[in-house]
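Structural overview
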Amino acid sequence: MLYQTKIAGIGKYVPENVVTNDDLSKLMDTNDAWIQERTGIKERRHIKKDDGNSTAIMGVKAAKIALERANVSKDDIDLIIFATLSPDYYFPGCGVQVQEMLDIHTCPAIDVRNQCSGFIYGLSVADQFIKTGMYKNVLLIGSENHSGGLDMSTRGRGVSVIFGDGAGAAVLTRSNHIGEGILSTHLHSQGKHALELALEGPSTMHWVPEIIEDQKSGKVKDIPYYPYMNGQFVFKNAVQRFSEVINEGLQHNGLEISDIDMLIPHQANLRISQFIQKKFKLSDDQVYNNIERYGNTTAASIPIALTEAWEEGKIKSGDKVVLAAFGSGFTWGSAIINW
Ligand code: ACO
């Protein structure tokens, strides 16, 4: 028998520390007008060294809210899935840290590394396990601590102004009602463009001793320990892939664009969301954006936006909710949900 997967509870956490565009302009040659015009971002949250947060800890804070809202006990979680590109440790992943912090029994913990598409990839993995009956309750978290790894000098301004920290979580559970919850997920990737949006090191390609040697010998310009993004290339690919994968999901379910009650795009850049909104002729009420307040929080952006849209009463039972993401890899995906 095939079951359905429904989202039983969602939650979010963002650090208290607000960093405005003006704050960034004190660190690098940038300004509020440039950032707002190109990205729509007004402010983002950054972890402070002493505020006790980390990627896993923020994930736990979001997860606790999601568990409470779902009315699911931590003891009933069958699987943890953690999506991030900024884990606390190189290994092990954040999934096992969350397990320990929440005192969850020895269920499996999977770490998903699909960057901006991480939450949708995680949703799809959870859906497969629940649909087949293998697991009943899955805790899915997307969390990022970008701020500690960004180049806050003028050299890094094209990337660093975009990203923010935060976490979102969802508790996914089995439903016996056909047509309820996740209707389908659609995933894609294209490794050809892997290095167009990447953080190459420290890694096995660029070990720390090598980096230290390069620093000593003055080869600093070659050290790839800050994220690189070919912004315009990413933008062009993003708008194309977002459109394709939303259409793929709609067609798969025999839905029209007019059936969409709420589109929650990965908060990559407000200009990308506006491009999609215009292309699909959606009204302001049909697309949720909060990038102006949080920047791009990568794997956390969709669950944070989903949580806020739900908290604001913009998603109601029976609504057709479309999630869509594009990011580093390149990876992209969509999920069609009957809320
Ligand atoms: N402040 C001021 N000036 C800046 C800044 C900044 N923060 N960053 C770059 N500039 C300058 C550049 O140096 C350049 O100056 P020059 O003309 O003298 O050489 C000029 O502004 C234009 O730079 P571009 O990189 O061409 O600016 P563009 O209009 O492409 O905007 C941006 C850059 C916002 C990154 C854009 O390409 C973009 O949004 N790309 C999509 C990528 C995206 O959304 N990534 C999010 C992460 S990936 C994901 O989630 C999908």
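Residues numbered from 1 in each chain as written. Predicted model: local features only at pLDDT ≥ 70, side-chain atom pairs only at ≥ 80, totals over all residues. Heavy atoms only, no water.

**Considerations on the site of the ligand**
As a matter of local geometry, the ligand sits amid 24 residues, with Thr 30, Arg 38, Gln 232, His 266 and Asn 269 nearest to it. In the model, an oxygen atom of the ligand is placed 2.9 Å from a nitrogen or oxygen of the Arg 157 side chain. At a separation of 2.9 Å, an oxygen atom of the ligand approaches a polar side-chain atom of Asn 296. Summarising the interface, the protein chains cover 72% of the accessible area of the ligand, which totals 1,000 Å² for the free molecule. Among the elements of the structure, helix 2 (32-39), helix 6 (157-160), helix 8 (231-252) and strand 12 (320-327) are those that each provide at least two residues to the shell around the ligand. The leading source of residues in the shell around the ligand is helix 8, at four residues. Residue composition of the shell around the ligand, by class: 12 nonpolar, nine polar and three charged. When residues of the shell around the ligand are assigned to domains, at least three map to each of domain 1 (4-175) and domain 2 (181-193 + 228-338). (Near = heavy atom within 4 Å. Polar contact = N/O pair within 3.5 Å; in protein donor to acceptor, adjacent residues only side chain to side chain. Areas by Shrake-Rupley, 256 points an atom, 1.4 Å probe, with all protein chains shown as cover. Helix = DSSP H or I, 4+ residues; strand = E, 2+ residues; numbered from the N terminus. Nonpolar A, V, L, I, M, F, W, Y, C, P; charged D, E, K, R; others polar. Domains from an automatic or database assignment.)

**Focus: the domain arrangement of the chain**
Domain annotation of the chain identifies domain 1 (4-175) and domain 2 (181-193 + 228-338). On a C-alpha basis, the centres of domain 1 and domain 2 stand 17 Å from each other. Taken residue by residue, the interface counts 47 residues in domain 1 and 43 residues in domain 2. Here domain 1 is connected to domain 2 by two salt bridges. A salt bridge links Glu 308 to Lys 12; the nearest nitrogen and oxygen atoms lie 3.2 Å apart. Inspection of the region where domain 1 meets domain 2 yields 20 residue pairs in polar contact (both at pLDDT 80 or more). Going through the elements one at a time, strand 1 (4-13), helix 2, strand 3 (43-45), helix 5 (118-131), strand 6 (137-144), helix 6 and strand 7 (166-175) are the ones with two or more residues in the side of domain 1 that touches domain 2. (Contact = heavy atoms within 4.5 Å. Salt bridge = Lys/Arg side-chain N within 4 Å of Asp/Glu carboxyl O.)

**Thoughts on unusual backbone geometry**
Looking along the chain, the bond that leaves Phe 91 and enters Pro 92 is cis, with omega of -5°. The topology assignment puts Pro 92 in the loop between strand 4 (79-83) and helix 4 (94-101). The residue after Gly 201, namely Pro 202, is reached through a cis peptide bond having omega 0°. Note on placement: Pro 202 falls in the loop between strand 9 (197-198) and helix 7 (208-216). Although it is not a glycine, Lys 281 adopts a positive phi angle of roughly 55°. With respect to the secondary-structure elements, Lys 281 resides in the loop between helix 9 (270-279) and helix 10 (291-294). On the basis of relative accessibility, which here comes to 76%, the residue Lys 281 falls in the exposed class. Of note in the backbone geometry, Thr 298 takes a positive phi value of approximately 50° without being a glycine. Relative to the elements of secondary structure, Thr 298 occurs in the loop between helix 10 and helix 11 (301-311). Taking the relative accessible area as the measure of exposure, Thr 298 reaches 1% and is therefore buried. (Buried < 20%, exposed > 50% of the residue type's maximum accessible area, 1.4 Å probe, protein only.)

**Comments concerning the sheet that holds strand 8 (residues 181-189)**
Sheet architecture is open: four strands sit in the order 8-13-12-11, paired in mixed fashion. Because the sheet does not close on itself, it has two edges, and the strands there are strand 8 and strand 11 (262-265). With strand direction ignored, the average angle separating the axes of adjacent strands in the sheet is 10°. Where strand 8 and strand 13 (residues 331-338) come together, eight bridges link them in antiparallel fashion. The residue bridging His 188 from the neighbouring strand is Trp 332, located in strand 13. (Pairing = 2+ DSSP bridges. Axes fitted to C-alpha atoms, helices over the stretch in contact; angles between N-to-C directions.)

**Observations regarding the nonpolar core**
Nonpolar side chains tend to gather and get buried jointly when the protein is soluble and globular. Ranked by internal contacts, the top residues of the largest apolar core, which has 36 residues, are Phe 242, Ile 246, Leu 263, Val 322 and Phe 326. At the level of elements, helix 8, helix 9, strand 12 and strand 13 are the ones that each hand at least two residues to this core. Broken down by element, the residue count for this core peaks at seven residues, all from helix 8. Mapped onto the domain boundaries, this core takes at least three residues apiece from domain 1 (4-175) and domain 2 (181-193 + 228-338). Grouped together as the second largest cluster of nonpolar side chains are 33 residues, Ile 81, Val 138, Ile 182 and Leu 323 included. (Core = buried A, V, L, I, M, F, W, Y, C linked by side-chain atoms within 4.5 Å.)

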